[in-house]
There are 4 protein chains.
Amino acid sequence: MQIRTDLAMESRDFAQGISGVTMHSRQMRAIKETLVCIETEEAARALDKARGTYITLVHPKLARCPGEERNEMARAICEALRAMLPPSGDLLVVGLGNRHMTADALGSRVLEDLLVTRHLKELPDESLYGRLRSVCAVAPGVLGVTGMETAEVVQGIVEHVHPAAVIAIDALAARESSRICTTVQITDTGIRPGSGVRNHRAGLTRETLGVPVIAIGVPMVVYAAVIARDALSLLLEDIGIHEEEHTQAIDTLMEKLTLQGMGEMVVTPREVDELVGKVARIIADGLNMAFQPRLSEEEIQLLSHDEP
Amino acid sequence: MQIRTDLAMESRDFAQGISGVTMHSRQMRAIKETLVCIETEEAARALDKARGTYITLVHPKLARCPGEERNEMARAICEALRAMLPPSGDLLVVGLGNRHMTADALGSRVLEDLLVTRHLKELPDESLYGRLRSVCAVAPGVLGVTGMETAEVVQGIVEHVHPAAVIAIDALAARESSRICTTVQITDTGIRPGSGVRNHRAGLTRETLGVPVIAIGVPMVVYAAVIARDALSLLLEDIGIHEEEHTQAIDTLMEKLTLQGMGEMVVTPREVDELVGKVARIIADGLNMAFQPRLSEEEIQLLSHDEP
Amino acid sequence: MQIRTDLAMESRDFAQGISGVTMHSRQMRAIKETLVCIETEEAARALDKARGTYITLVHPKLARCPGEERNEMARAICEALRAMLPPSGDLLVVGLGNRHMTADALGSRVLEDLLVTRHLKELPDESLYGRLRSVCAVAPGVLGVTGMETAEVVQGIVEHVHPAAVIAIDALAARESSRICTTVQITDTGIRPGSGVRNHRAGLTRETLGVPVIAIGVPMVVYAAVIARDALSLLLEDIGIHEEEHTQAIDTLMEKLTLQGMGEMVVTPREVDELVGKVARIIADGLNMAFQPRLSEEEIQLLSHDEP
Amino acid sequence: MQIRTDLAMESRDFAQGISGVTMHSRQMRAIKETLVCIETEEAARALDKARGTYITLVHPKLARCPGEERNEMARAICEALRAMLPPSGDLLVVGLGNRHMTADALGSRVLEDLLVTRHLKELPDESLYGRLRSVCAVAPGVLGVTGMETAEVVQGIVEHVHPAAVIAIDALAARESSRICTTVQITDTGIRPGSGVRNHRAGLTRETLGVPVIAIGVPMVVYAAVIARDALSLLLEDIGIHEEEHTQAIDTLMEKLTLQGMGEMVVTPREVDELVGKVARIIADGLNMAFQPRLSEEEIQLLSHDEP
């Protein structure tokens, strides 16, 4: 049984200090930022994560915090993104996942609040439209609904639209339930095969698309089997039994759980429908600020459907 | 930590055979029916369930079975209901839960396919409308959204509409994840305080409403803490430790999980958005057949928005 | 063919100056406020509107204006409401209409952003919760969906909840398409039979509910027959034909249009799905400010984004 | 002012008999089929429609008819389509329009019930999956939401997926309100610029995509200006005035209506939200039958209710 996490900062043996990995944290008021750089192939293999930079922003009550703290998170996302974005050129935002599955709808929900401008660029209004960076967006749907790999659809679009970079938004699976809707991961490594709530079969990376791919993800679920697994480890530790002694008992148990259909079960907050909307809006705010540095926050608000 | 289940057939000490409880099971093709009668107050206390009849219908692939098996389940629901319904008089269907929370939306989804007829009874068309039993329906919303206890709203309506019985539809919490979207429980005991995905604070019962209350429920979630708890028990058994010896270790662990916010976490199938719609439709079919014995299945289909 | 309008300011013979009616207008930046008082029964009959006060607030681009103008409208709604609200006591907000029909969904959409507090009143937090006025809310659904008159449902609830006033939100039919999503009418006369997009069969008034009823409405449709009728009048005027000479020709024509199914056709902006959400939010902001005078706008924002 | 219709059978001067156009009608129980062939470039110019075949299927109560008549319509769509489909090769279905705008959501709604199979073709189950034709689907969104022309997105996908044909589903604008949700047009001419509820700026045709494009459309709106225009013509005729005499009066009037914002107003049935779902399901049934001739209706039903 694979214990999946899409968060670099949760990677299994992280604490053990692998060479080729650097990590820095800082607290910015209510938000904790962690920067992980995986610098060598060996480190990448050891952590089962691609080489590159991972920035994690954590606010323990992200979807329930006051407006000012929401704006701080949006600005932190903006900062992190700006360092990764190419200085000019069109941007293509890809909202991954299945809009009809609440825990997988983050990608398409972000697009609802994104300021899309590529079709506006001919407009004469110098004061505002003349300062816009060109942004376009697509929610390609999932394999089970379209019959096509997301990568196929995005490749086709990239070849026609020629963006300078792709920004992909995805719902992630985490290892700890406290990560759900509280953590935003931004990475320049793109989307890897096997990641996401629905396990993407193909990746969206610079190798497959030919342009830089920045991925922004938020954990929306923990696989139920992970919860069970972790509860077991905690217990064994508590009652003074070394995990290694009972590896087989645990493996047998996990297999039983899988046979009971637990493999497809996810743990999610009861109110996930509401949380996903709130987090999507924060991310969209961060994207809009990062993409449109020549607009003020007020101008962005006005253009992006003008809702406070 | 309370280990909640809303299913009578899952009640903790069931297997131990309490006096005052009778149980019968039968297999009807793909559906297993279990009839539990709790006949004495002592039995009710022992099981923490109200006195009355509980019929459970289980199809292990309910939301994914072929059309014919769906219809069988609808007919089984119809049969179970008919034995509990008063022979005449208006019926009020109450769709409980929060329509904006997928795992709690079953009640309001059932109403979408229910044949509502109370306002049609003056129509002249003898051949069809003359044979209708009067049915009305309401989805009162949840306390957090309306500021009112569901019981307050339903009482007010009952006093104006004077139904012969109330039929309440609710999403349940179960103990085993295999119950989710596979099991339908029908009981003449109404809705008890503390039941349901959102823990109703007040009940809907004959005592509070003054008319018989039939409750129909389908498990939509298992609380994550339950999964963890059960995994622990299984493990301890496997490694030959008696649970009693480690009650405290387990309790400490469960407390830790609660502190991590696990208490509000639910386990649910990834595709719950899709499943809830399918199960709602089956229940609505069963209700429509039970309520309208003088209509053929085709006539019901035609009236109830005519979708196959 | 009845030429329906739910706006007092559009009433047919308004311009002619009936005694017993007073009207005042004032421009407040982008918003025009019109106050109509129908003071006598004769005037009420002549205008086919109930006696009472009607305040109309018009912003020609309400759903598309900058944030500051939106806030002005919310404050203007708040002002108008405060003059009509009882100084103390619980408030019950009723969201009328059919949530599944976009042009009729205004009422239930407003409830989504309403600050509901009645269930919070026991909370200890003096600084915030101690200053809340008790508000509850219900979206009772429409006759075709529930089988019950809205008035029956609301009466039952009023008898249990004993509010000091009912505030009913409804989508209206107007006479001119320029009114759609630009005009907010607030009246102390309640909801009259025959009004609204779906023609309420029974009213919600002080007479039927026993408490003051304030109605807030926004035109969402114009009946297509009205557009046709008005186009004809304009044309006849233009080509120098007096309308009276051709009353019969017009009547015949309107009948033809009715037979073609035009009677059920409504004229609505293509993007009505988007507009209704924006207008609903403005109204909810206005209600929240009017209901909670002891909270600042920031505190309201915080609470209404923070479901308890 | 342009009087738009997307239906070939409504084209202006149709009755006058242009050479190069053939038309045949037949009644099939409740459904009337009209076949229009525009055979020459002259005829195409005269009618402002592309050369090709247009099949129109009309059931005057399509969204409200009994199940059997619905199935007849699905079979008629299947028949019409089969004659146009290439005998083998992958099929790409494109659901046009804006899913968030009810009257424009037909395309994306059809995809919800479409049997998508392209990703299943490796499955071993000979009895069922071995008989599937490969179908994939995409809802590319609209220019205002994506910043990309639909044609750009579809071209990119076509170049990657290499379908044998594209089938595009779109909501149409008609000239008569009685067409709304009662008429299905199937044509081998593709989607032309300027057609559809939202006026596509670029077309989807064999010329732009390099493969045959079959378009299936259902009128969902009539522009309000058309209703007004037609009412005027009817009236003038009735009162014995020749339209030509008053061309200018009519033109002036139409201009006034446009200035009043009528240009963006559409006429639509009040219950359009409900109707679009029903019509979408009928079309999806017809597509599934046409695409999967080696499956029985029951097998299609089973698969399309059974998301893999």
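Look up: the structure comes first, before these words.
Residues numbered from 1 in each chain as written. Chains lettered and ligands numbered in written order. Predicted model: local features only at pLDDT ≥ 70, side-chain atom pairs only at ≥ 80, totals over all residues. Heavy atoms only, no water.

Asker: Tell me about the environment of B:L114, and please be specific about residues and values.
Answerer: Residue and element names in this part refer to chain B. Mapped onto the fold, L114 is located in the loop between α3 (106-112) and β5 (135-138). It is 9.5 Å that separates the C-alpha atoms of L114 and G286, two residues lying 172 residues apart in sequence. What L114 contacts, discounting residues up to four positions off in sequence, is V93, V135, A137, A284, L287, N288 and F291. (Helix = DSSP H or I, 4+ residues; strand = E, 2+ residues; numbered from the N terminus. Contact = heavy atoms within 4.5 Å.)

Asker: Report on the relation of the copies chain A and chain B, specifying residues and quantitative values.
Answerer: The operation relating chain A to chain B is a screw motion whose rotation component is 180°, with 0.0 Å of axial translation and a residual RMSD of 0.0 Å. Taken together, the rotation angle and the small translation identify this as a two-fold axis. No C-alpha of chain A lies nearer the rotation axis than that of A:V267, which sits 2.2 Å from it. Comparing interface residues between copies, 100% of those in chain A also sit at the interface in chain B, which points to an isologous, same-surface contact. (Least-squares fit on C-alpha atoms with pLDDT ≥ 70 in both.)

Asker: Which residues make up helix α5 (residues 150-161) of chain B, and what values go with them?
Answerer: Residue and element names in this part refer to chain B. Relative to the 16 Å expected for 12 residues at 1.5 Å per residue, α5 spans 16 Å between its end C-alpha atoms, a close match to the ideal helical length. For α5, the tally of buried residues reaches 10 of 12 residues, placing the bulk of the element in the interior. Along α5, the positions that sit buried rather than exposed are T150, A151, E152, V153, V154, Q155, G156, I157, V158 and V161. One or two residues past the end of α5 sits H162, with phi positive at roughly 50°. (Expected span 1.5 Å × (residues − 1). Buried < 20%, exposed > 50% of the residue type's maximum accessible area, 1.4 Å probe, protein only.)

Asker: Report on the nonpolar core, specifying residues and quantitative values.
Answerer: Membership of the largest hydrophobic core comes to 172 residues, with the highest contact counts inside it found for C:L287, C:F291, D:L287 and D:F291. Ranked by size, the runner-up nonpolar core spans 161 residues in total, among them A:M254, A:V279, A:I283 and B:L7. (Core = buried A, V, L, I, M, F, W, Y, C linked by side-chain atoms within 4.5 Å.)

Asker: Help me get a handle on the packing of α5(B) against helix α5 (residues 150-161) of chain C, residues and values and all.
Answerer: Where α5(B) meets α5(C), the closest approach of the two axes is 7 Å, and the angle between their N-to-C directions is 120°. Overall, the two elements α5(B) and α5(C) adopt an arrangement that is oblique. At the point where α5(B) passes α5(C), the crossing takes the right-handed sense. Judged by residue contacts, B:E152, B:V153, B:Q155, B:G156, B:I157, B:E159, B:H160 and B:V161 of α5(B) engage C:E152, C:V153, C:Q155, C:G156, C:I157, C:E159, C:H160 and C:V161 from α5(C). Partitioned by chemical class, the residues of the contact of α5(B) with α5(C) number six nonpolar, six polar and four charged. (Axes fitted to C-alpha atoms, helices over the stretch in contact; angles between N-to-C directions. Parallel < 35°, antiparallel > 145°, perpendicular 65-115°, else oblique. Left-handed = near helix turned anticlockwise from the far one by under 90°. Nonpolar A, V, L, I, M, F, W, Y, C, P; charged D, E, K, R; others polar.)

Asker: Lay out the packing of helix α2 (residues 67-82) of chain A against helix α9 (residues 272-291) of chain A with the relevant residues and their values.
Answerer: Residues and elements named next belong to chain A. Two elements in contact, α2 and α9, have axes separated by 8 Å at closest approach and are oriented at 45°. Of the possible angle classes, the one that applies to α2 and α9 is oblique. The way α2 lies across α9 gives a crossing that is right-handed. Touching R70, M73, A74, R75, I77, C78, L81 and R82 of α2 are R281, I282, I283, D285, G286, L287, M289, A290 and F291, all from α9. Considering only residue class, the contact of α2 with α9 consists of 11 nonpolar, one polar and five charged.

Asker: Please provide a residue-by-residue account of the pattern of salt bridges, values included.
Answerer: Considering all chains together, one arrives at 55 salt bridges over all chains under this definition. Of the charged contacts in the structure, one is a salt bridge between B:E42 and B:R45, with a shortest N-O distance of 4.0 Å. Taken together, the residues B:E42 and B:R45, both in helix α1 (residues 41-47) and three residues apart, mark about one turn of the helix. In this structure, the salt-bridge partner of C:K278 is C:E274, at a minimum N-O distance of 3.2 Å. On the criterion of helical spacing, the pair formed by C:K278 and C:E274 is a turn pair, its members being four residues apart in helix α9 (residues 272-291). Beyond isolated ion pairs, a larger network of salt bridges with shared partners links A:R64, A:E271, A:E274 and A:K278. (Salt bridge = Lys/Arg side-chain N within 4 Å of Asp/Glu carboxyl O.)

Asker: Break down the interface of chain A and chain B for me, with residues and values.
Answerer: In this complex, chain A contributes 38 residues to the contact, which on the side of chain B involves 39 residues. For the chain A and chain B pair, buried surface summed over both sides reaches about 3300 Å², with 66% attributable to carbon and sulfur atoms. Among the residues of chain A in contact with chain B, A:L235, A:M265 and A:R270 are the three that bury the most area, contributing 22% of the side total. Scanning the region where chain A abuts chain B turns up zero salt bridges. Here chain A is connected to chain B by seven residue pairs in polar contact (both at pLDDT 80 or more). Sort the elements by how many residues they give to the side of chain A that touches chain B and helix α7 (residues 224-238) of chain A lands first, with nine residues. (Buried area = accessible area lost by both parts, 1.4 Å probe. Polar contact = N/O pair within 3.5 Å; in protein donor to acceptor, adjacent residues only side chain to side chain.)

Asker: So what about the pairing of strand β7 (residues 183-187) of chain B? Which residues, and what values?
Answerer: Residues and elements named next belong to chain B. Buried residues dominate β7, accounting for five of its five residues. Taking every second residue as pointing to the same face, both faces of β7 are buried, with T183, Q185 and T187 on one and V184 and I186 on the other. Sheet topology places strand β3 (residues 52-58) next to β7; five bridges connect them, and they run antiparallel. Along β7, the bridge assignment pairs Y54 with T187. (Pairing = 2+ DSSP bridges.)

Asker: Describe helix α7 (residues 224-238) of chain C, with residues and values.
Answerer: Residue and element names in this part refer to chain C. Between its first and last C-alpha, α7 extends 21 Å over 15 residues, near the 21 Å set by a 1.5 Å rise per residue. Taken across its 15 residues, α7 has 11 buried, putting it largely inside the fold. Within the span of α7, buried status applies to A224, A225, V226, I227, A228, R229, A231, L232, S233, L235 and L236. Positive backbone phi, approximately 75°, marks G240, located one or two places after α7.

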